[in-house]
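Descriptive analysis of the structure
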Amino acid sequence: MRNKRTASLAALSIGVLLLSACGSAGGTAQQPSEAAEEELATTINVAISQTPDAYNSYTANANSVYNTYVNNVVHSTFVAFNADGELERNEDFGTFEKTSDDPLTVKYSINEDAVWSDGTPIDFDDVLLQWAAASGKHPSGEKDPDTGAETDLFQAASTNGFAQVELPEGEAGDKEFEFVYSEPYADWESLLSEPMMPAHIAAEQGGMSPEGDGAELIEAIKGTDIEALKPVAEFWNTGWNYEADLPSLPDAALIPSSGPYKLDNAVNGTLTLVKNEEYWGKERAAKTETLVYKTVVDEEAVQALENGDVDVIDPSSPTVDTKSALEQIGETITVETGETLTFSHVDLAQRPGDVFEDLKVRQAFAKCMPREDMVEKFVTPIEPEGKVMDLREYQPAQPDYDTVLEGAPAATENAELDIEGAKALLADAGKTEPVKVSLMYASTSQLRADMVALMKDSCDQAGFEIIPQPEEEWAAMLAQPGSWDAVLFGWAGSGLVASAESIYVSEGEQNFGGYKDEKVDSIWKEIVTNTDPEKVVEMKTELEQRLAETQYNVVLYANPGINAWNSKVEGVQPNPTQTGLTWNAYEWTKKK
Amino acid sequence: MLFFIAKRLVISFFIMAAATTLMFFLVISSGDPLSDLGEASGSAKKATIAARTEAMNLDQPPLMRYFLWLQDLGHCLVPGGVDCTLGTDRSGNAVLPQLESAIGSTFRLVLVATVIALVLGVVVGIVTAIRQYTTFDYSITFISFVLFSLPLFWLSTLLKQYMAIDLNTWLANPQFPYLTILLVGVVAGVIWAVVVGGDRKRRLAVFGIAAAATAVALWLLLVTGWFVTPGLGPVGMLISAGAVALLWTALLAGFRRRRILYAALTAAAVGYAGYLLSIPLLADPNWLTVIALLGLTVAVAYAAGGFVGGPYRGRAARISAVIAFSIGLLIFLDRLLQAYPELSARAGGRPIPTTGSESPNLSGGFWETNLDYALHLILPTIAITLISFATYTRYTRASQLDVMNQDYIRTARAKGLSERTVLVKHAFRNAMIPITTLMAFDFAGVLGGAVITETVFGWNGMGKMFVDGVHTVDPGPVMAFFLVVGTAAVLFNMLADIAYAFLDPRITLS
């Protein structure tokens, strides 16, 4: 009886299993039609890790890469950095050429058809407002309580270059104008790479008439009429700010665009751009109807890409995990890694009395750095081409890197890991006890902590005693002499010629270690006043040689970067400069 | 009662005043608001410092800054005059619009999650208490402790993988092999058998019925393309309305009194009639229409149920109202689901998003917009629910067990009351008292404590506002956050105290 029941139960189970194994229920009714395959999608979603906070990204408060991401396609500029890290002119917007070397004079002409998306022509008043805002020549009459220096009406992010430009001459409505420099300026080519703001809006908001191509504003700027300019400057400083976390956009009339796209709407940190119908250019005309920027924190970007919530991601500090997670997704996405222009380095405190005052100690520290090891652990798993970096002003991603490296032999002298050599140097310097080094780094970064552990392992053998000093407010402590002996952090290279001056010259604001060298100072003086691009490499080679001889700091490697996008999106080209991934977003298309 | 509320409000005001003072000084002493500028240089740094000093009144002594904040707050309390901004953040932007947008998304998130966690937690808690020391009880204890100790960022990663990425892929072509359908049935059968309990024969029967029912239902859903075009439809709605009526009657009255059963069925009929009649009205309604229709249905069902109820007029009317309300929710759900195919197509066939609180540029009608909200709510709501669920189950179980061992429960049983009456009328009501306190705390807590949930799911809510504010030592947003969360905490505790008076006859409020 029992056997029979078991047997029939078994037979039944097998039968059910057999039945179940073959076939399945359900399925979709709709099959994608052939025709739809060919069509292009109307929207591309871009992930950014922080919400943009202002339409005018040239103010001190809003000069962030996340605003640049948007401004790349809503503002036209004369020139911008391309994917090779080189300056590329935008002929759609206008042309320019150097017409004289003494005084340095550059002639610009804006495209005849160039208009703001509200129909107002882009012309002289916009240029003049840009100059007024960035030249720092409009004292507000108020004193900075700390420095005692007078503050400017306009809170521009930087007055570099513009400060040397004389008041441009021209009339309302002019499309051509000249910039005459009072002294030579090395980066004249990239001067107008920052977005120009619509002057007719600023004038109107500042209580002036926008009629006559902005004649009233032009008069005020020409006459340096501080009282009249005050409300304009106030609007320029804050009037284009978005509300925090972008719950909505300002009034559409205030934010006309000069690029292939214009701002359309924003909800909860998600920003929508639509094709600018008034855009005149052919080369950079938008190919996709809508671009949507979604705020997604770095850690969540990979899953958002996999789920199709976003089409393009650019995680800001990718790790090995980011890469392996991306690779596991498979063919539906495209991953590209590369070296960025941001590089990691250790700065050394070398004022009189500091640990690294003696050149030999600095050299010994350089010799005991396990740089190869760090690259192997933190760079090559992400970017296989990554290598140790030996220069300070050129990153391996730039075309001139190898040429300069050849001309500066000192840069590779202390490059090899050499514990014995480091010991010998320390002995030469008369150090008998282990040299204590308090090494500061950002306490929020696991990567930095791991790097410091490797350094400690290696350098403690050579006669140093590294004391890790994780600090949350490390950035504020940089400028406080005595609060650290060495500090590990990153600099973002700009591709500009003269922007790093304050890092290396004596008393430079970003020369945190107190480095002092007369030769370096004089080379920099030449560099910043040189206007011939041909000579730059030569002078910088000399600079690199000197910086290496005197061991300014220890450079480690260029940080690796990762970009990934939906394989249906075409035209994406990662850009290692601060212009960022969206530099050519007008070209992007997405298959349905 | 009025006196009690007035007294509590006055006390609450002083508590809030003291708390905001403390909070303000804690925030401004928590760090250096200019610390992020260490790396900057040149005119940018100077200009930023100047701009920030002006926006945050950094040139004033701390006490003055607090008074200036109080003044900004005063502008909001006194109508007319200066605009209400609640002060500015460090970039010089007004805080109020940020707060409004943050509250909107956070309330949506927290409200739904808390309600679901509460209902599920209480129901499961009571069942575990009734089935104490059974397999079901042990399993739930195990599961709730696992959930309670899950770190949210990890849970959210799992949810995104399985409930969004994989589920979306499956939804593109929803099918299961028969073996899977069978296995789902078996699992459901086991769960029901364990829940219902009883002797071996009864458990086997429950297992068989539940397994078969689940498998067949799943098979039906698959072959009718329910996952492609979901919704209840007229037939599904009729069956659901009947089921809802029977369920509520079984729970609240039992089937012994036929008149109440008839009243319940009348309510179901009223609800169903409402469903048919409202089809044209609900094409693209607004919230007012929806709520008005719901109210009307409930009112009609209340009257009709009372009429049919005869001798049990009061109870029948109340049960009818509950039934009509439930059917109203079902109708809402049905209409919401009808918008699904279009939304799914718009999202490229991947309807469940892993990030964001709404789709940009949707420009759809009422149903599209709200279904879009709902789809964005799925993952974060599950995450918050799973974690709050644990607390609610454990508390409910403990307090229900406590009550069940009381003498008056034994007395109730001894005088021959049905088990249903003992559980629902005598035990449950008293077991709810501690849960009320818990709920008050939980809601206020989740309101400000959903920081990680908001971050991982890309919501701009209160938590993010608070954390960003603290990081940048910016008192404006932090104080705005604190005003809302603090007021909510004070208010909900007051509501809990008032609720006591209704639940527990020994408490009076005067």
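Within each chain, residues carry numbers counting from 1 in the order of the written sequence. Written order determines the labels here, with chains lettered from A and ligands numbered from 1. Local features in this predicted model are restricted to residues of pLDDT 70 or higher, and side-chain atom pairs are both shown and tallied only at a pLDDT of 80 or more, whereas totals for entire chains, interfaces and linings draw on every residue. Where side-chain values are given, they derive from all heavy atoms of the structure, hydrogens and water being excluded.

Re the interface of chain A and chain B
Often the size quoted for an interface is simply the accessible area lost on bringing the parts together. Residue-level contacts link 60 residues of chain A with 54 residues of chain B. Taking both sides of the interface into account, the surface hidden between chain A and chain B amounts to around 4500 Å²; carbon and sulfur atoms contribute 51%. Here's the idea: put two parts together, see how much 1.4 Å probe accessible area each one loses, and the total over both is what we call buried area. Three residues, A:Asn268, A:Gln303 and A:Asn307, lead the burial of chain A against chain B; their summed loss comes to 14% of the area buried on that side. Salt bridges are defined as contacts in which a side-chain nitrogen from Lys or Arg sits within 4 Å of a carboxyl oxygen from Asp or Glu. Applying the counting criterion to the chain A and chain B interface returns two salt bridges. Polar contact is defined as a pair of N or O atoms within 3.5 Å, subject to the rule that within protein one atom must be able to donate a hydrogen and the other to accept it, and that residues adjacent in sequence are counted only when both atoms are side-chain atoms. The tally of links between chain A and chain B comes to 13 residue pairs in polar contact (both at pLDDT 80 or more). For the side of chain A that touches chain B, the secondary structure elements donating two or more residues are α1 (2-21), β1 (24-26), β10 (261-267), β11 (270-275), β12 (290-295), α8 (298-306), α15 (474-477) and β17 (486-492) of chain A. Residues are grouped as follows: Ala, Val, Leu, Ile, Met, Phe, Trp, Tyr, Cys and Pro are nonpolar; Asp, Glu, Lys and Arg are charged; every other residue, Gly included, is polar. A class-by-class count of the residues in the side of chain A that touches chain B yields 23 nonpolar, 26 polar and 11 charged. A pair of strands counts as paired when DSSP detects no fewer than two bridges linking them. In this description a helix means any DSSP run of H or I spanning at least four residues, a strand means any run of E spanning at least two, and both kinds are numbered starting from the N terminus. Pairing geometry for β1(A) and strand β1 (residues 175-177) of chain B, over three bridges, is antiparallel. Its bridge partner lying in β1(B), A:Ala25 is registered against B:Phe176. Throughout, a contact is declared for two residues whenever any of their heavy atoms are within 4.5 Å.

Let's talk about unusual backbone geometry
Residue A:Pro103 is reached from A:Asp102 by a cis peptide bond, and omega for that bond is -5°. With respect to the secondary-structure elements, A:Pro103 resides in the loop between β5 (94-101) and β6 (104-110). Positive phi, normally seen in glycine, also occurs at B:Leu86, with a value near 60°. For B:Leu86, the location among the structural elements is in the loop between α3 (62-77) and α4 (95-130).

A word on the pattern of salt bridges
Residue and element names in this part refer to chain A. Scanning the entire structure with this criterion turns up 26 salt bridges over all chains. When the shortest N-O distance is used, the salt bridge between Lys423 and Glu420 registers 3.7 Å. Taken as a pair, Lys423 and Glu420 lie in helix α13 (residues 419-428) at a separation of three residues, close to a single helical turn. The cut-offs for exposure are 20% and 50% of the maximum accessible area for each residue type, with area from a 1.4 Å probe on protein chains only; residues under the lower value are buried, those over the upper are exposed, and the others partly exposed. Residue Lys423 is classed as partly exposed on the basis of its relative accessible area, which comes to 38%. Where Glu570 meets Lys591, a salt bridge forms, and the shortest distance between an N and an O atom there is 3.7 Å. Taken together, the residues span a long stretch of sequence, with Glu570 in strand β19 (residues 569-570) and Lys591 in the segment after β20 (589-590) at a distance of 21 residues.

Things to note about the state of the cysteines
Residue and element names in this part refer to chain A. We call a pair of cysteine sulfur atoms a disulfide whenever their separation is within 2.5 Å. Per the counting criterion, the structure on display carries one disulfide over all chains. Between the sulfur of Cys368 and that of Cys459 lies a disulfide, 2.0 Å long from S to S. Here the disulfide of Cys368 and Cys459 is right-handed, its torsion about the S-S bond being about 90°. Placement of the pair is Cys368 in the loop between α10 (359-367) and α11 (371-379) and Cys459 in helix α14 (residues 446-459), with a sequence separation of 91 residues. Take Cys368 and Cys459: they sit in the same class, and that class is buried.

Considerations on the pairing of strand β14 (residues 333-348) of chain A
Residues and elements named next belong to chain A. Pairing between β14 and strand β18 (residues 553-566): 12 bridges, direction antiparallel. The residue bridging Gly338 from the neighbouring strand is Gly561, located in β18. Pairing analysis gives seven bridges linking β14 to β17, with the strands arranged antiparallel. Residue pairing for β17: Leu348 is matched across the bridge by Ala486.

As for the sheet that holds β6(A)
Residue and element names in this part refer to chain A. Taken together, the three strands give an open sheet; going across it, the order is β5-β6-β9, and neighbouring strands pair in antiparallel fashion. Pairing within the sheet leaves two strands with one partner each, and these edge strands are β5 and β9 (176-180). Taking the axes of each pair of neighbouring strands and ignoring which way they run, one obtains an average angle of 20° across the sheet. In the sheet, β5 pairs with β6 via seven bridges, with the strands oriented antiparallel. Directly across from Ser100, in β6, lies its bridge partner Thr105. Throughout, an axis means a line fitted to C-alpha atoms (over the contacting stretch in the case of helices), and angles, computed between N-to-C directions, take values from 0 to 180 degrees.

Re the side chain of A:Asn71
Along the chain, A:Asn71 turns up in helix α3 (residues 65-74). Judged by its relative accessible area of 4%, A:Asn71 falls in the buried class.

A look at α3(A)
An α-helix turns once per 3.6 residues; consequently, residues spaced three or four apart project the same way. Residue and element names in this part refer to chain A. Most of α3 sits inside the fold, with eight of its 10 residues counted as buried. Here α3 has its buried residues at Tyr66, Asn67, Tyr69, Val70, Asn71, Asn72, Val73 and Val74. Residues of α3 that are buried sit in contact with β2 (43-48), β10, β11 and β12.

Focus: empty space enclosed by the protein
Cavities and pockets are found on a 1 Å grid laid over the protein atoms alone: a cavity is a set of points where a 1.4 Å probe fits but cannot escape, a pocket is an open set with protein on both sides within 12 Å along at least five of seven lines, and a lining residue has an atom within 4 Å of such a point. Grid points are joined across faces, edges and corners, and a volume is the space filled by probe spheres set on the points. A complete count under the given rule lists four cavities of 30 Å³ or more for this structure. What the largest cavity holds in volume is close to 130 Å³. As for the largest cavity, its lining consists of 13 residues, of which A:Arg371, A:Arg392, A:Ala411, A:Asn414 and A:Gln551 are closest to the centre. Residue contributions to the lining of the largest cavity peak at three residues, all from β18(A). A:Ala244, A:Asp245, B:Gln98, B:Ser101, B:Ala102, B:Asn460, B:Gly461 and B:Met465 are the residues that line the second largest cavity. It is α4(B) that provides the largest number of residues to the lining of the second largest cavity, a total of three residues.

Focus on the domain arrangement of chain A
Residues and elements named next belong to chain A. When its domains are assigned, chain A resolves into domain 1 (76-238) and domain 2 (343-560). All the domain ranges listed were derived from an automatic or database domain assignment. The C-alpha-based centres of domain 1 and domain 2 are spaced at 37 Å. Taken together, the 13 residues of domain 1 in the interface contact 14 residues of domain 2. Buried surface at the junction of domain 1 and domain 2, summed over both partners, amounts to about 930 Å²; 54% is from carbon and sulfur atoms.

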